[in-house]
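# Summary of structural features
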Amino acid sequence: MGLYFQGLTMGLAYVAPIGMQNLFVINSALTRTRRNALITAAIVIFFDIVLSLACFFGIGALMQAHPWLQTVVLGLGGAVVVRIGLGLLLPKKKSTSENGAGAGAVAAAATASTASPVAGAEAPAKRLGLRGLLKTVGTACVVTWFNPQAIIDGTLMLGAFAATLSAQQATPFITGVETASVMWFLGVTLVVNAFAHKFNPKIIGVLNRVCGGIIVLYGIKLLVDFAMAVL
């Protein structure tokens, strides 16, 4: 159990810092129904688990061995992340009657709504729909995988532990890491969603723009790294 808890604490340290994943999950929890927010969290958890497994087994070494691959991911990832952030920072205008019903769109849709399930506002859409689900999957993939430096850093951190563990020891350790991902994203979603009703549409609009601005900065950093790698 010692290795499991070691993996659990390492996993929490790995996933807890506020980044694109956490901003995406928090925004979803604020603007979607609990059911849809949990679906979003589950999708993020899936991609995060796949990423941590890849880091544990050394995918970062692949990028370091093939600089062109890292450059491609930097350029593509930076452009997509900036677009996602701008969707939150500059949401499309909706009519008053559509404002409540349109709530629930998140960064994936790049058309985040500022409505909230408070008194006088309609509840967010109960179902994502196929299009919304596909956009959520796409955005979860982008915020998890389109940051080569995060992949390399994850490989250095998790891969370093992997190098010191036997095959039998690796299983409880990486299980603890994956448990941390599940606990963190589900916990954040449930806590934020439980208090979402206390935020009026104006406050949620401000939070959306703050999240969008931070995500745009992440994207710009990726594009700057891309430019430096090309030049």
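Residue positions are given per chain, counting from 1 as you read along its sequence in written order. pLDDT decides what is reported in this predicted model: residues at 70 or higher carry local features, side-chain atom pairs at 80 or more are listed and counted, and totals for whole chains, interfaces and linings draw on all residues regardless. Side-chain calculation: all heavy atoms of the structure are included, whereas hydrogens and water are not.

## Overview of helix 1 (residues 2-15)
- Under the DSSP-based scheme used, a helix requires at least four consecutive residues in state H or I and a strand at least two consecutive residues in state E, with every element numbered from the N terminus. The span expected for a helix works out to 1.5 Å for each residue beyond the first. Taking 1.5 Å per residue, 14 residues should reach 20 Å; helix 1 reaches 20 Å between its end C-alpha atoms and fits that length.
- For each residue, the accessible area found with a 1.4 Å probe, counting protein chains only, is set against the maximum for its type, and the residue is called buried under 20%, exposed over 50%, and partly exposed in between. Buried within helix 1 are the following residues: Tyr4, Gly7, Leu8, Met10, Gly11, Tyr14 and Val15.

## Focus on the environment of methionine 20
- Mapped onto the secondary structure, methionine 20 falls in helix 2 (residues 20-31).
- For methionine 20, a relative accessible area of 6% corresponds to the buried category.
- Put simply, methionine 20 and cysteine 211 are 191 residues apart on the chain and 8.8 Å apart in space, counted from C-alpha to C-alpha.

## What about the pattern of salt bridges?
- Put simply, a salt bridge is a Lys or Arg side-chain nitrogen that is within 4 Å of an Asp or Glu carboxyl oxygen. Counting across every chain of the model gives 1 salt bridge.
- We note a salt bridge from lysine 221 to aspartate 225, for which the minimum N-O separation is 3.1 Å. Here lysine 221 pairs with aspartate 225, and both are found in helix 10 (residues 201-230), just 4 residues apart, close to one helical turn.

## As for the nonpolar core
- Grouping buried Ala, Val, Leu, Ile, Met, Phe, Trp, Tyr and Cys residues that are joined through side-chain atoms within 4.5 Å yields what is termed a nonpolar core. One finds Phe56 and Trp145 to be the most contacted residues of the largest nonpolar core, which totals 40 residues.
- Among the elements of the structure, helix 1, helix 2, helix 3 (34-56), helix 5 (67-89), helix 7 (129-145), helix 8 (148-164), helix 9 (167-194) and helix 10 are those that each provide at least two residues to this core.
- In terms of residue count, the dominant contributor to this core is helix 3 (8 residues).
- Residues in contact with phenylalanine 56, not counting those within four places in the same chain, are Leu158, Gly159, Ala162, Leu165, Ala170, Phe173 and Ile174. Two residues qualify as a contact provided that any one of their heavy atoms is within 4.5 Å of a heavy atom in the partner residue.

## Examining the packing of helix 5 against helix 10
- Axis definition: a line fitted to C-alpha atoms, limited for helices to the stretch in contact. Angles are taken between N-to-C directions and run from 0 to 180 degrees. As a packed pair, helix 5 and helix 10 sit with axes 7 Å apart at the nearest point and diverge in direction by 160°. The angle between helix 5 and helix 10 places the two elements in the roughly antiparallel class. Taken as a pair, helix 5 and helix 10 cross one another with a handedness that is left-handed.
- Side-chain classes follow a simple rule in which Ala, Val, Leu, Ile, Met, Phe, Trp, Tyr, Cys and Pro form the nonpolar group, Asp, Glu, Lys and Arg form the charged group, and the remainder, Gly included, forms the polar group. When its residues are assigned to classes, the contact of helix 5 with helix 10 shows 18 nonpolar, 9 polar and 2 charged. Should an angle lie under 35 degrees it is considered roughly parallel, over 145 roughly antiparallel, and from 65 to 115 roughly perpendicular; all remaining angles are considered oblique. A crossing counts as left-handed when the near helix is turned anticlockwise from the far one by less than a right angle, and as right-handed when that turn is clockwise.

## Overview of helix 10
- The end-to-end C-alpha separation of helix 10 is 43 Å, in line with the 44 Å expected for 30 residues at 1.5 Å each.
- For helix 10, the secondary structure elements touched by its buried residues are helix 2 and helix 5.

## Structural notes on the layout of surface pockets
- In this model, the largest pocket occupies a volume close to 480 Å³.
- Cavities and pockets were defined on a 1 Å grid built from protein atoms only: a cavity is a group of points that admits a 1.4 Å probe but offers it no way out, a pocket is an open group of points flanked by protein on both sides within 12 Å along at least five of seven lines, and a lining residue is one with an atom within 4 Å of any such point. Taken together, 21 residues form the lining of the largest pocket, with Tyr14, Gly19, Gln21, Asn147 and Ala150 sitting closest to its centre.
- Ranked by residue count, the leading element in the lining of the largest pocket is helix 8, at 5 residues.
- Residue composition of the lining of the largest pocket, grouped by class: 11 nonpolar, 7 polar and 3 charged. Grid points are joined across faces, edges and corners, and a volume is the space filled by probe spheres set on the points.

## Some details on the side chain of serine 52
- Among the secondary structure elements, serine 52 is positioned in helix 3.
- By relative accessible area, which is 1% here, serine 52 ends up buried.
- Contact partners of serine 52, with chain neighbours within four places excluded, come to Tyr14, Leu158, Ile174, Val177 and Glu178.

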